[in-house]
Amino acid sequence: MKKEIILIGGGGHCTSCIDVIEQQGKYIIKGILDTSEKVGREILGYKIMGTDDDIENLSITTSHFFVTIGQIDNNQLRIKLFNRLKELGLKLPIILSPYAYVSPHAKIGEGTIIMHGAVVNANAIVGRNCIINSNALVEHDAIVGDYCHISTGSVLNGGVKLGEGSFFGSGAVSRQYIEIPKNSFIKANSIIK
């Protein structure tokens, strides 16, 4: 039986997350939380049913939530919401696109989404509350810290350690076995040596 899930954040990233959740087929989207001025609107047929002020009340009947706010300039809201959901004892599932490949020898943290076309190879570790975006590659033995966004079409090569809270831009490529400090902002199409 499919479980109900509530999404938090109704912007562009939310639409991509909805598509992955629908394709995964494990959850029924009950609704979306966003800012008060957006309440009543719909995103891909799902109602914005309230704001984050409603989390506690909604958690009485729904135990699964997912943060669908994107991360480019700043990840602080994603982190704050994730931690708030954890403090309430709510479940933050791993969302895996059926069109992605995640090695059975990889480890993925709670509240992380692996989007369409992404690859997470053997012995890779991806932390909690991460976005592994469409067509991104996390190669063997790479370690992605919590709260990171690996953007579209980017490549983290083998053995790379990406620090917590980092953004790795679209089309960026790293050399193998390097360490990238936490809270790094890697621009699109960069080559990191």
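Residues numbered from 1 in each chain as written. Predicted model: local features only at pLDDT ≥ 70, side-chain atom pairs only at ≥ 80, totals over all residues. Heavy atoms only, no water.

For this particular structure, what's the right way to read the sheet that holds strand 20 (residues 179-180)?
Remark on secondary structure: sheet strands pair via backbone hydrogen bonds, oriented parallel or antiparallel. Here five strands make up an open sheet; going across it, the order is 8-11-14-17-20 and the pairing parallel. The open sheet terminates on both sides in strands that have one partner only, identified here as strand 8 (107-108) and strand 20. The pairing of strand 11 (residues 125-126) with strand 14 (residues 143-144) spans two bridges and is classified as parallel. Bridged to I125 within strand 14 is I143. (Pairing = 2+ DSSP bridges. Helix = DSSP H or I, 4+ residues; strand = E, 2+ residues; numbered from the N terminus.)

Please explain helix 3 (residues 76-87) as it appears in this structure.
Within an α-helix, residues lying three or four positions from one another point in the same direction, as the helix has 3.6 residues per turn. Its 12 residues place the ends of helix 3 16 Å apart at the C-alpha level, agreeing with the 16 Å of an ideal helix rising 1.5 Å per residue. Regarding helix 3, the residues found buried are R78, I79, L81, F82 and L85. Next to the buried residues of helix 3 lie strand 1 (3-8), helix 2 (55-58), strand 5 (64-67) and strand 12 (131-132). Positive backbone phi, approximately 75°, marks G89, located one or two places after helix 3. (Expected span 1.5 Å × (residues − 1). Buried < 20%, exposed > 50% of the residue type's maximum accessible area, 1.4 Å probe, protein only. Contact = heavy atoms within 4.5 Å.)

Help me out: how do you make sense of the packing of aromatic side chains in this one?
For any pair of aromatic rings, the description rests on two quantities: the centre-to-centre distance and the angle between the ring planes. A full pass over the atoms with the stated rule returns two aromatic pairs. With 6.0 Å between their ring centres and 80° between their planes, F82 and Y147 make a pair best called edge-to-face. Taken together, the residues span a long stretch of sequence, with F82 in helix 3 and Y147 in the loop between strand 14 and strand 15 (149-150) at a distance of 65 residues. Assigned by exposure class, F82 and Y147 land together as buried. The interplanar angle of 20° and the centroid separation of 5.0 Å between the aromatic rings of F167 and F185 together place this pair among those described as stacked. Placement of the pair is F167 in strand 18 (residues 167-168) and F185 in strand 21 (residues 185-186), with a sequence separation of 18 residues. According to the relative accessible area criterion, F185 is partly exposed, its value standing at 46%. (Phe/Tyr/Trp six-rings, centres within 6.5 Å; stacked < 30°, edge-to-face > 60°.)

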